[in-house]
Amino acid sequence: MASRENFGGGMEISAPVTITPELAEKIRAHGAETYPHECCGALLGREELVQDQKIVREIVGLYPLVNRRDDSPRNRFSVTSEDVREAEKAATARDLEVVGWYHSHPDHPARPSEFDREHAWPWYSYVIVSVANGRPEDMTSWRLNDDREEFSSETIEVRDLRKGAASKGLGNSARTTR
Amino acid sequence: MAVKVIIPTPLRVYAGKRGSTDVAAGTVGEALEKLTAEFGDLKKHLFTEDGKLRSFVNVYVNDEDIRYLAKEQTPTKDGDTVSIVPSIAGGCCW
């Protein structure tokens, strides 16, 4: 359970977002593959209400995308509305939803930037993988607060669904880097 | 003139968890105005402080992006669907 930092957005403690080891590895590999450019893609998954009215978010698929920022791919990524619609169609076809987006930070920490915050949507999970010298390192997840002022960190639980047990927590909590 | 406004998943929590709502509007601008009048919490996610549509907020009338039509002045007629579609951007540093 990750404690969401509360910077005026009135956010409460949230359940972690779960991902399988295979998909976590695919995100890392995508970041390494596009290095020194940023990679990006959609997180396909579902939300389920479990006991205590807690909502559990599971990432069960990825929809890798092409970074449309040809002019500045080392420090920017862009997913067009057409790409978003494609990703949503892919999710719907699998009876899933687009629950968030991933991207890499080449040679920068896995923390959202001010630019990330300004362009973020609420509700989505924003997974960031830092890639240093071509090697994927930390992976974190963030959600924009209701007031748009800050991100809250979200614990990533890497869990093998077949075993049903959590193997690793990759949580982080920090404010937006400014 | 009722048009259906499709609310994107990340904003549904600010619209009573609804995926769409019907509003009476003759233009896209009017439809968005009625939408945010009904669901006030949507406003800051769709518009900047000076009232402009945010750059990552895309609006389609049926399947046409309003950027290639008359933007917010794009007329709407009875039965049209106005979809709000996100685009996603970010990057590692300012």
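Model, not experiment: these values are computed from the prediction.

1. Observations regarding the interface of chain A and chain B
So, point 1. If you look at the interface, chain A gives 33 residues, while chain B gives 25 residues.
So, point 2. Summed over both sides, the interface of chain A with chain B buries roughly 2700 Å², with 62% coming from carbon and sulfur.
So, point 3. The largest contributions to the chain A side of the interface with chain B come from R85, W121 and R148 of chain A, which together make up 27% of the buried area.
So, point 4. Its salt-bridge partner being R85 of chain A, residue D63 of chain B comes within 3.1 Å of it at the nearest N-O pair.
So, point 5. Between the two partners, chain A and chain B, sit 13 residue pairs in polar contact (both at pLDDT 80 or more).
So, point 6. Of all elements in the fold, only β4 (77-79), α2 (81-93), β5 (97-106) and α3 (114-119) of chain A reach the threshold of two or more residues within the side of chain A that touches chain B.

2. Description of the pairing of strand β3 (residues 57-61) of chain B
All names here are of chain B.
So, point 1. The element β3 is extensively covered by neighbouring structure, given that 5 of its 5 residues are classed as buried.
So, point 2. Of the two faces of β3, the one carrying V57, V59 and V61 and the one carrying N58 and Y60 are both buried.
So, point 3. As defined by bridge partners, β3 adjoins strand β5 (residues 81-86) across 5 bridges and the pair is classed as antiparallel. Across the sheet, the residue bridging to Y60 is S83, located in β5.

3. Quick word on the confidence of the model for chain B
So, point 1. For chain B, per-residue confidence averages 95 on the pLDDT scale, and residues scoring 70 or more make up 98% of the total.
So, point 2. Listed scores for the predicted complex are pTM 0.88 and ipTM 0.93.

4. Section: the pairing of strand β6 (residues 125-132) of chain A
All names here are of chain A.
So, point 1. For β6, the buried fraction is high: 7 of the 8 residues fall into the buried class.
So, point 2. Here 7 bridges tie β5 to β6, and the two strands are oriented parallel to one another. Of the residues in β6, the one forming a bridge with W101 is Y126.
So, point 3. Between β5 and its parallel partner β6, the chain crosses via α3, and the hand of that crossover is right-handed.
So, point 4. Of the strand pairs in this sheet, β6 and strand β7 (residues 135-144) are connected by 6 bridges, and their pairing is antiparallel. Paired with I128 across the strands is T140, a residue of β7.
So, point 5. Between β6 and β7, which pair antiparallel in sequence order, lie 2 residues; one of them, N133, sits at a positive phi of approximately 50°.

Criteria and thresholds
- The residue numbering used here restarts from 1 in each chain and proceeds along that chain's sequence as written.
- Lettering of chains starts at A and numbering of ligands starts at 1, both following the order in which they are written.
- Totals for whole chains, interfaces and linings use every residue, but because this is a predicted model, local features are given only for residues with pLDDT of at least 70 and side-chain atom pairs only at 80 or more, for both listing and counting.
- Note that water and hydrogens are dropped before the side-chain values are worked out from all heavy atoms of the structure.
- Contacts between residues were defined by any pair of non-hydrogen atoms, one from each residue, lying within 4.5 Å.
- Two parts placed together each lose some accessible area under a 1.4 Å probe, and the buried area is that loss summed for both.
- We count a salt bridge whenever a side-chain nitrogen from Lys or Arg sits within 4 Å of a carboxyl oxygen from Asp or Glu.
- The term polar contact refers here to a pair of N or O atoms within 3.5 Å; inside protein, the definition further demands a hydrogen-donor-capable atom paired with an acceptor-capable atom, and it admits residues adjacent in sequence only when both atoms are side-chain atoms.
- Strands are runs of DSSP state E lasting at least 2 residues, helices are runs of H or I lasting at least 4, and numbering of each runs from the N terminus.
- Only protein chains enter the accessibility calculation, which uses a 1.4 Å probe; a residue whose area is less than 20% of its type maximum is buried, one above 50% is exposed, and one in between is partly exposed.
- The criterion for strand pairing is that DSSP finds at least two bridges linking the strands in question.
- pLDDT is a residue-level measure of predictor confidence that goes from 0 to 100.
- Here is how to tell: hold the view so the strands point away, follow the path from the first strand over the helix to the second, and if it runs clockwise the crossover is right-handed.

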